Amino acid sequence: MTMNPEKVKLGIAPIAWTNDDLPELGKENTFEQCVSEMALAGFTGSEVGNKYPNDPEVLKPKLDIRGIQICNAWFSTFFATRPQEETIEEFIKHRDFLHEMGAKVIGCSEQSYSIQGLDKPIFDEKPEFTEEEWAKVAAGYNKLAELAAEKGMKVSLHHHMGTGIQTPEETDKFMEMTNDDVYLLFDSGHMYYSEGTQESVEKLLTKCVDQIAHVHLKDVREEVVAEVKEDKLSFLEGVKMGVFTIPGDGAIDFDPIFKILEEADYEGWMVVEAEQDPAKANPFEYAVQTRGFIEEKTGL
Ligand SMILES: O=C1C[C@@H](O)[C@H](O)[C@@H](O)C1=O
Ligand SMILES: [Co+2]
């Protein structure tokens, strides 16, 4: 199976070098080492990490010289629990920064009541939204889509472990409740982690594929998921133990994932986002390994 390199671009996230959610992981890795190794491993896109210069005039030349483009950056929304204007105000700043950097997509996650950064068992205490909260979230994202369109950009929702939009049913509900200009950021690792089956990943992907604006590729180590469940561990404890890994190194079969995207004529970025402890999983070596895996599977 081959994917069209004119349509599908490959990026990698800085989270494997320095983890912004767990800053002690990879604190020794510098911004320049990170982006140099991304380029050396054969990637042309990156998301934005905390160590990246936040002035586009400083950041852009440092990426241009390495042949790297910014394709997205995480944005947290709080529509269920805070006044809409608060999220909107922050979103406009974020949108304008990404627009200046040349990105076309803004990947957002609804973080009201999220436990992803808390010391709570990830499989037992995820939030559930009331119908009233769902309505606020949907209205908020419809507004973000309009604001993104002002700059020719797309807003996309990242379904995420430990949030109110984690499972296939919740993701589906979100997509049904929002307008057609609200897109999905599909993350293979989060869907597999939530449901534990290849089938659920493929089913959601097939159902939503025409609404996907951005893809995060990550794999899952099933034996670590079992420990997380058994010992009632938090999301970040799971990350430290290696619940996520690079595509090709875990339980997920990526052949059907690439096939579904290709058959739907997916156009956009696929970003390897495999957060692990860099002391145990050398980020450059893992980047090179997964770049080879993706080339073998897709021809990209
Ligand atoms: O897109 C993501 C951003 C990270 O901060 C997050 O926790 C990770 O798991 C992810 O998928
Ligand atoms: Co992700």
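Going by what an unreviewed UniProt entry lists, the chain is known as Inosose dehydratase and is assigned to Halobacteroides halobius. Under the Sequence similarities (unreviewed entry) heading, UniProt states for the chain: "Belongs to the IolE/MocC family."

Participant: What exactly am I supposed to notice about the overall build of the chain here?
Facilitator: Scanning the chain from N- to C-terminus turns up 11 helices and 11 strands. Relative to the globule expectation of 19 Å for 300 residues, the C-alpha radius of gyration of the chain, 18 Å, shows essentially globular dimensions. A principal-axis box enclosing the C-alpha atoms of the chain has dimensions of 50 × 45 × 40 Å. Out of the 300 residues belonging to the chain, those deemed buried represent 46%. When contacts within the chain are restricted to residue pairs at least 6 apart in sequence, long-range pairs at least 24 apart make up 83% of them.

Participant: How should I be thinking about the nonpolar core in this particular structure?
Facilitator: Generally speaking, nonpolar side chains in soluble globular proteins are found buried as a group. Residues V155, L157, V243 and V271 are the most contacted members of the largest nonpolar core, which totals 77 residues. Considering every element that reaches this core, the biggest residue donor is helix α4 (residues 131–149), with six residues.

Participant: Please explain the UniProt feature "domain: Xylose isomerase-like TIM barrel" (unreviewed entry) in the chain as it appears in this structure.
Facilitator: With numbering aligned to this structure, UniProt lists the feature "domain: Xylose isomerase-like TIM barrel" (unreviewed entry) at residues 39–289. In residues 39–289, the share of helix is 43% and the share of strand is 16%. The end C-alpha atoms are 14 Å apart.

Participant: How should I be thinking about the site of ligand 1 in this particular structure?
Facilitator: Residues in close proximity to ligand 1 include I15, D21, W74, Q116, H158, D187, H190, H216, E273 and E275, which together make up its full environment. A per-class count over the shell around ligand 1 returns two nonpolar, four polar and four charged.

Participant: I tried to follow the pairing of strand β5 (residues 105–110) on my own but got confused; where do I start?
Facilitator: In regular strands, side chains alternate between the two faces of the sheet. Taken across its six residues, β5 has six buried, putting it largely inside the fold. Residue alternation in β5 divides its side chains into two sets, V105, G107 and S109 and I106, C108 and E110, and both sets are buried. Inspection of the sheet shows strand β4 (residues 75–77) paired to β5 by three bridges, in the parallel sense. Paired with S76 across the bridge in β5 is S109. At this point the chain moves from β4, through helix α3 (residues 84–100), to the parallel β5, and the crossover so formed is right-handed. Here β5 runs beside strand β6 (residues 154–158); their pairing, made up of four bridges, is parallel. Directly across from I106, in β6, lies its bridge partner V155.

Participant: Just checking my understanding: could you explain the sheet that holds strand β3 (residues 69–70) for this structure?
Facilitator: Taking strand neighbours across the sheet as the criterion, the nine strands line up as β3-β2-β1-β11-β8-β7-β6-β5-β4 in an open arrangement whose pairing is parallel. Two strands close off the open sheet at either side, each with one partner strand: β3 and β4. Relative to strand β2 (residues 45–46), strand β1 (residues 8–12) runs parallel, the two sharing two bridges. Among the inter-strand pairings, G11 is bridged to a residue of β2, identified as G45.

Participant: Just checking my understanding: could you explain the packing of helix α6 (residues 188–195) against helix α7 (residues 198–208) for this structure?
Facilitator: Relative orientation of the contacting elements α6 and α7 amounts to 130 degrees, with a least axis distance of 8 Å. Regarding the angle of α6 to α7, the classification is oblique. In this structure, α6 meets α7 at a crossing whose hand is right-handed. On α7, the residues that touch S188, M191, Y192 and E195 of α6 are S200, V201 and L204. Here the contact of α6 with α7 is built from residues that sort into four nonpolar, two polar and one charged.

Rules and cut-offs
Residues numbered from 1 in each chain as written. Chains lettered and ligands numbered in written order. Predicted model: local features only at pLDDT ≥ 70, side-chain atom pairs only at ≥ 80, totals over all residues. UniProt positions renumbered as here; feature names shortened; annotations may be inferred. Helix = DSSP H or I, 4+ residues; strand = E, 2+ residues; numbered from the N terminus. Rg over C-alpha atoms; globule rule 2.2 N^0.38 Å. Buried ≥ 20, exposed ≤ 12 C-beta atoms within 10 Å, placed from the backbone. Contact = placed C-beta atoms within 7 Å. Core = buried A, V, L, I, M, F, W, Y, C linked by C-beta atoms within 7 Å. Near = placed C-beta within 6 Å. Nonpolar A, V, L, I, M, F, W, Y, C, P; charged D, E, K, R; others polar. Pairing = 2+ DSSP bridges. Right-handed = clockwise from strand over helix to strand, strands pointing away. Axes fitted to C-alpha atoms, helices over the stretch in contact; angles between N-to-C directions. Parallel < 35°, antiparallel > 145°, perpendicular 65-115°, else oblique. Left-handed = near helix turned anticlockwise from the far one by under 90°.

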